[in-house]
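Analysis of the macromolecular model
Here is how the chains run, residue by residue.
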Amino acid sequence: AGVPPAIDLVLGATAGCLACFLTNPLEVVKTRLQLQGELQPPGTYPRPYRGVLRAAVAVCRADGLRGLQKGLAAGLLYQGLMNGVRFYCYSHAEDAGWTGYPGGTVAAGAVAGAVGAIVGSPAYLVKTHLQAQTLSAVAVGHQHNHESISGAFRSIYQQHGVVGLWRGVTGAVPRVAVGSAVQLATFTSAKDWVCERQWFRKGSWAAVLAGGMVSGVAVAVTMTPFDVISTRLYNQPVDADGTGKLYRGFLDCILQISSKEGLLGLYKGIGAVYFRLGPHTVLSLFFWDKLRNM
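Residues numbered from 1 in each chain as written. Predicted model: local features only at pLDDT ≥ 70, side-chain atom pairs only at ≥ 80, totals over all residues. Heavy atoms only, no water.

**Things to note about the pattern of salt bridges**
Note the following rule: Salt bridge, as applied in this entry: a Lys or Arg side-chain nitrogen positioned within 4 Å of an Asp or Glu carboxyl oxygen. Helix and strand labels come from DSSP, where a helix needs a run of H or I of at least four residues and a strand needs a run of E of at least two; each type is numbered from the N terminus. Relative accessible area decides the class of each residue, using a 1.4 Å probe on protein chains only: under 20% of the type maximum gives buried, over 50% gives exposed, and in between gives partly exposed.
Summed over the entire model, instances satisfying the criterion amount to eleven salt bridges. Asp-227 serves as the salt-bridge partner of Lys-30, at 2.8 Å between the closest nitrogen and oxygen. Of this pair, Lys-30 sits in helix α1 (residues 5-35) while Asp-227 sits in helix α7 (residues 205-235), placing them 197 residues apart in sequence. Like Lys-30, the residue Asp-227 is buried in the burial classification. Where salt bridges share partners, they join Glu-27, Lys-30, Lys-127, Arg-175, Asp-227 and Arg-276 into one cluster.

Take a look at the structure:
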């Protein structure tokens, strides 16, 4: 309370980047698991990635230890842009008193997340491409073969223009809107709840971490289907005019995954999603909360 929105922009971006640096290896694993067996019936494709730990080992064997930090620069750029804008918008909603109305926290979180997703979409596009790239023997999904983050941005812009940089944003907006709404709403409620019952002292780091832990579970459960769809839309190959070769859009992606991979296909990589989102939620909200207090 009392922190100007402009300061929240900087603090939110900083918190997101700090959390990203620590959780990016899980983001790499999550991306590989979500692309594995794309549009193929269960049991009909090779599985170089099995579970979070074995997938992490497979990434290290193929790409070395540095492979676990693939796409880090793009990830930091995305988290800085998305979280900076997200917390800035949420702070404005707090100042305006919107979060005080029933459902206001959820609505403010959703809108803030959607705006942040739109702003950060080009960085997430490049991050997904880079994290999917690996040796052909263990490759999953389409391989874009970018040499660097700058080369990726340049290649996409030269081939498809500015619009191409926002390809896949239709999957990113509902993903981050849902995740942000659940995250911010459950974090605030859980933190207040444990303090009201005097389990932890109000303003203590333990109360912040408890709120973040509960929030991480809720976000993983609600966000995973949107996360899978977003990864698929961002990584799919496209025609010369920028039209996706696999999916026509958000709804088509849901239908194709459900019909060809089953409903569980929408929950691919949920373990990696939680192990990534859980710590990321705890860390980003913990850093944000503490930076605000400072």
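Let's pick the thread back up.
**Quick look at the packing of aromatic side chains**
Rules: Working definition: rings of Phe, Tyr and Trp (its six-membered ring) pair if their centres are within 6.5 Å, and the pair is stacked with planes under 30 degrees apart, edge-to-face with planes over 60 apart, and tilted otherwise. Our definition puts a charge over a ring when NZ of Lys or CZ of Arg is within 6 Å of the ring centre and also within 35 degrees of the ring normal.
Under the definition given, this model contains five aromatic pairs. Residues Phe-226 and Phe-250 carry aromatic rings whose centres are separated by 6.3 Å and whose planes lie at 15° to one another, so their mutual orientation is stacked. Of the two residues, Phe-226 sits in helix α7 while Phe-250 sits in helix α8 (residues 250-261), which places them 24 residues apart along the sequence. The rings of Tyr-78, Tyr-124 and Tyr-234 are connected pair by pair, giving a single aromatic cluster. Between the NZ or CZ atom of Arg-86 and the centre of the ring of Phe-87, over which it lies, the distance is 4.7 Å. Sitting over the ring of Tyr-124, Lys-127 keeps its end group 4.2 Å from the ring centre.

**A few points about the side chain of Thr-231**
Selection rule: For this analysis, residues touch if any pair of their heavy atoms sits within 4.5 Å.
In this fold, Thr-231 is placed in helix α7. When its relative accessible area of 1% is taken as the criterion, Thr-231 is described as buried. Here Thr-231 is in contact with Lys-30, Thr-31, Gln-34, Leu-35, Tyr-124 and Thr-128, once residues within four sequence places are set aside.

**A few points about the confidence of the model for the protein chain**
The predicted coordinates of low-pLDDT regions are not to be read in fine detail. This is how the line gets drawn: Values of pLDDT, the confidence the predictor places in each residue, fall between 0 and 100.
Overall, the prediction assigns the protein chain a mean pLDDT of 89, with 99% of residues at 70 or greater. Across the protein chain, the secondary-structure element scoring lowest on mean pLDDT is helix α9 (residues 270-293), at 78, and the one scoring highest is α8, at 96.

**Some points on empty space enclosed by the protein**
Formally: Whether a set of points on the 1 Å grid over the protein atoms alone is a cavity depends on a 1.4 Å probe fitting there but being unable to get out, while an open set qualifies as a pocket with protein on both sides within 12 Å along at least five of seven lines; lining residues are those with an atom within 4 Å of a point. Grid points are joined across faces, edges and corners, and a volume is the space filled by probe spheres set on the points. Only Asp, Glu, Lys and Arg are considered charged, only Ala, Val, Leu, Ile, Met, Phe, Trp, Tyr, Cys and Pro nonpolar, and every remaining residue, Gly among them, polar.
Overall, the coordinates contain two cavities of 30 Å³ or more when judged by the stated rule. Taken as a whole, the largest cavity holds about 180 Å³ of empty space. Taken together, 17 residues line the largest cavity, and the ones lying closest to its centre are Met-82, Arg-86, Gln-183, Met-223 and Leu-277. Every element with two or more residues in the lining of the largest cavity is listed here: α3 (72-95), α6 (169-196), α7 and α9. Here the lining of the largest cavity is composed, by residue class, of seven nonpolar, seven polar and three charged. One number sums up the size of the second largest cavity: a volume of about 70 Å³.

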